[in-house]
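# Reading the structure
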Amino acid sequence: MTIRIYVPKDACAIACGADEVVEAIQAAALAARQPVEIIRNGSRGMLWLEPLVEVVTAEGRIGYGPVGADDVASLFAAGFLDGGAHELRIGKPEEHPFMARQTRLTFARCGIIDPASYADYRAHGGYKGLERALTLGPAGIIEEVKKSGLRGRGGAGFPTAIKWKTVADAQADRKYIVCNADEGDSGTFADRMIMEGDPFELIEGMTIAGIAVGATKGYVYTRSEYPHAIWAMEKAVEVARANGMLGANIGGSPYSFDMEVRMGAGAYVCGEETALLDSLEGKRGTVRAKPPLPAHKGLFQKPTVINNVLSLTAVPHILADGGEFYANFGMGRSRGTMPIQIAGNVKFGGLFETAFGITLGELVNEIGGGTATGKPVKAAQVGGPLGAYVPTWQFDLPFDYEAFAAKDALIGHGGIVVFDENADMKKMARFAMEFCSVESCGKCTPCRIGSTRGVELMDRIIAGERVEANLATLTDLCQTMKLGSLCALGGFTPYPVLSAMNHFPEEFGAPRRLEAAE
Ligand SMILES: Cc1cc2nc3c(=O)[nH]c(=O)nc-3n(C[C@H](O)[C@H](O)[C@H](O)COP(=O)(O)O)c2cc1C
Ligand code: SF4
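Residues numbered from 1 in each chain as written. Chains lettered and ligands numbered in written order. Predicted model: local features only at pLDDT ≥ 70, side-chain atom pairs only at ≥ 80, totals over all residues. Heavy atoms only, no water.

To keep things clear, this is the line we draw: UniProt positions are given in the numbering used here, feature names are shortened, and annotations may be inferred rather than shown by experiment.
By the naming in an unreviewed UniProt entry, the protein chain goes by NADH-quinone oxidoreductase subunit NuoF and is assigned to Ancylobacter radicis. The annotation that UniProt attaches to the protein chain under Sequence similarities (unreviewed entry) is "Belongs to the complex I 51 kDa subunit family." Annotation of the protein chain in UniProt includes, under Cofactor (unreviewed entry), the sentence "FMN".

Structure below.
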């Protein structure tokens, strides 16, 4: 009897040797005259266990990880094809505490299905959202998304239904759906994981968006560092088209929608929606002044919905289960679930999807298991390179847009990068300024010139030159960048800088502030 084995084709698993593991399993199975079928799934998101190999047994899928090619002989000897005992055996992946604590909606299928199989997608609830969308029509879809309370997962947290309604109401001969899959934030990988592990979900989400606003063409804009995601998306687009789920008259309906995957040349600022549009049009990625909003004049000056991968992949569930069901999760104005990415100096890094409201401390210390080095946690940078460094005494912060904003912090795309006590906060503050100076698109002065002056000031502070005066100038400069920058790259760089200065003033040679002593 042929035994089915799952070995992830996720970029993280491949980087950890998944392809070599596949070769070793095939060779061992051949030698043992045991027919096996290897399915290349996405990742479950327990990244410290990658490559996580799963064998289909009478009991269900049994996981072993992290498996190296060198482990395969001992796994065969231990009878892993029947789920045999081995030091790498983790049991059923879905029962692992890291998985059992999650509420998986967007990532429900990721790691479970064969991402290239249309039949597998359908068998696991795929296209149920689109089917319902077709019965509701454009206005009904937008109403359902409104009920869900969905806010953009790319960073700004803007209500998705309002954006869609604006594009739906715009009059034009052509409209577009652009998926922002640039995913430039440090410590983030959710967009990549879903594109590699469940690409049809993104196709379904974009198709629903297209029907809702009257757009017939979509683009996924992603980065050259994501070759596996590009491959998986392009393959899925082809398969969806062959099955009548892209192109003219989707699923036999009167609606048409088709899409392409495009790769950027690599710049953090190309994740900013208007720079992304310039890049997609073949120009250098430079931020456009707003208005006009992309919803009015976006790609090729046509009304355009730009949404993050996670916003669009939440939509099929919202349509399938209803907006109210989705809105039942979460706290305050942060509704639904957030796929949180735990990274940096942490023991159990990975993708953790849960309802808004979980605290940062639970995520870092309980779920992430504290630092990988075993040293005390010092801070976590949340929300990418423009996010604040949150110190441990603020770890009771719930994951909620408003709660984070009240502390001058941001959730952004849900990335958490953990630092232990050895982190040098002066260097981290300098890095934030340097990052801005390197990545600035150069359009506005506070960011282009300010970030360079900021690096110079940081260098003087680090060298101990006129520390108090230079700190005052740096604070002043941060204020100018916050208020005077055209986009959030220059406008938010002060947040990591000021958070490092305010929470760890003694490291900058300044007296500890009251706030930091709380
Ligand atoms: C410098 C900069 C980089 C950004 N990078 C990304 C990105 O990589 N992915 C993303 O979805 N949004 C990014 N954004 C936010 C986008 O401009 C935009 O708000 C988002 O794509 C809208 O989609 P949403 O409403 O679904 O979040 C970035 C913004 C700035 C200012
Ligand atoms: S803030 Fe920076 S990245 Fe944004 S428009 Fe100005 S120069 Fe460009």
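### Details of the overall build of the protein chain
Cut-off, in case you're wondering: Elements are defined by DSSP. Helices are runs of H or I of four residues or more, strands are runs of E of two residues or more, and each kind is numbered from the N terminus. Note that the radius of gyration is over C-alpha atoms, with the globule rule given as 2.2 Å times the number of residues to the power 0.38. Burial classes follow relative accessibility: with a 1.4 Å probe on protein chains only, a residue under 20% of its type's maximum area counts as buried, one over 50% as exposed, and anything between as partly exposed. Contacts were defined at the residue level, with two residues in contact if any of their heavy atoms lie within 4.5 Å. Surface accessibility in these figures is a Shrake-Rupley result with a 1.4 Å probe; residues are shielded only by whichever protein chains are displayed.
When its secondary structure is counted, the protein chain shows 21 helices and 16 strands. Computed over C-alpha atoms, the radius of gyration of the protein chain comes to 24 Å, within 12% of the 24 Å expected from 2.2 N^0.38 for 518 residues, which places it in the range of a compact globule. Overall, the C-alpha framework of the protein chain stretches about 75 × 60 × 40 Å when taken along its three principal axes. Looking at the protein chain as a whole, 60% of its 518 residues are labelled buried. In the protein chain, the share of contacts with a sequence separation of at least 24, taken over all contacts with a separation of at least 6, comes to 70%. Approximately 19,700 Å² of the protein chain is accessible, and the part contributed by carbon and sulfur atoms is 53%.

### Things to note about the site of ligand 2
Operational definition: Residues are labelled near a given molecule or strand when at least one of their non-hydrogen atoms is within 4 Å of it. Using a 1 Å grid laid over the protein atoms alone, points where a 1.4 Å probe fits but cannot get out form a cavity; open sets with protein on both sides within 12 Å along at least 5 of 7 lines form a pocket; any residue with an atom within 4 Å of a point counts as lining. Here the criterion for a molecule occupying a pocket or cavity is that more than half of its atoms lie within 2 Å of the pocket grid points.
Near ligand 2 you find 13 residues, and of these Cys-441, Lys-443, Cys-444, Cys-447 and Cys-487 are the closest. More than half of the atoms belonging to ligand 2 lie within 2 Å of the grid points that define the largest cavity.

### A word on the pairing of strand β7 (residues 217-222)
We apply this condition: Note on pairing: two strands pair once DSSP finds at least 2 bridges between them.
Across the six residues that make up β7, a large majority, six, are buried. Burial along β7 is two-sided: the face carrying Lys-217, Tyr-219 and Tyr-221 and the face carrying Gly-218, Val-220 and Thr-222 are both buried. Here strand β6 (residues 176-181) runs beside β7; their pairing, made up of six bridges, is parallel. Across the sheet, the residue bridging to Ile-177 is Gly-218, located in β7.

### Considerations on the pattern of salt bridges
Filter applied, for reference: Definition used for salt bridges: Asp or Glu carboxyl oxygen within 4 Å of a side-chain nitrogen of Lys or Arg.
Taken as a whole and judged by the stated rule, the model has 32 salt bridges. One salt bridge connects Glu-366 with Arg-101, and the closest N-O pair in it is separated by 3.2 Å. Separated by 265 residues along the polypeptide, Glu-366 in helix α14 (residues 360-367) and Arg-101 in the loop between α4 (97-100) and α5 (118-123) bring together distant segments of the chain. A salt bridge links Arg-122 to Glu-131; the shortest N-O distance between them is 2.8 Å. Taken together, the shared-partner salt bridges in this structure form one network comprising Arg-44, Glu-54, Arg-61 and Glu-94.

### Brief notes about the site of ligand 1
Applied cut-off: Pairing of N or O atoms within 3.5 Å defines a polar contact, subject to two protein rules: one partner must be a possible hydrogen donor and the other a possible acceptor, and residues neighboring in sequence count only if both atoms are side-chain atoms. Here the term charged refers only to Asp, Glu, Lys and Arg, the term nonpolar to Ala, Val, Leu, Ile, Met, Phe, Trp, Tyr, Cys and Pro, and the term polar to all other amino acids, Gly among them.
Inspection of the region around ligand 1 gives 19 residues, with Gly-154, Asn-180, Asn-307, Asn-308 and Ser-311 positioned closest. Separating an oxygen atom of ligand 1 from a backbone N or O atom of Ile-306 is a distance of 3.5 Å. Contact distances for ligand 1 include 2.6 Å between an oxygen atom and a side-chain N or O atom of Ser-311. In isolation ligand 1 exposes 610 Å². Once the protein is present, 92% of that is buried. By residue number, the principal contributor to the shell around ligand 1 is strand β9 (residues 304-308), which donates three residues. A class-by-class count of the residues in the shell around ligand 1 yields four nonpolar, nine polar and six charged.

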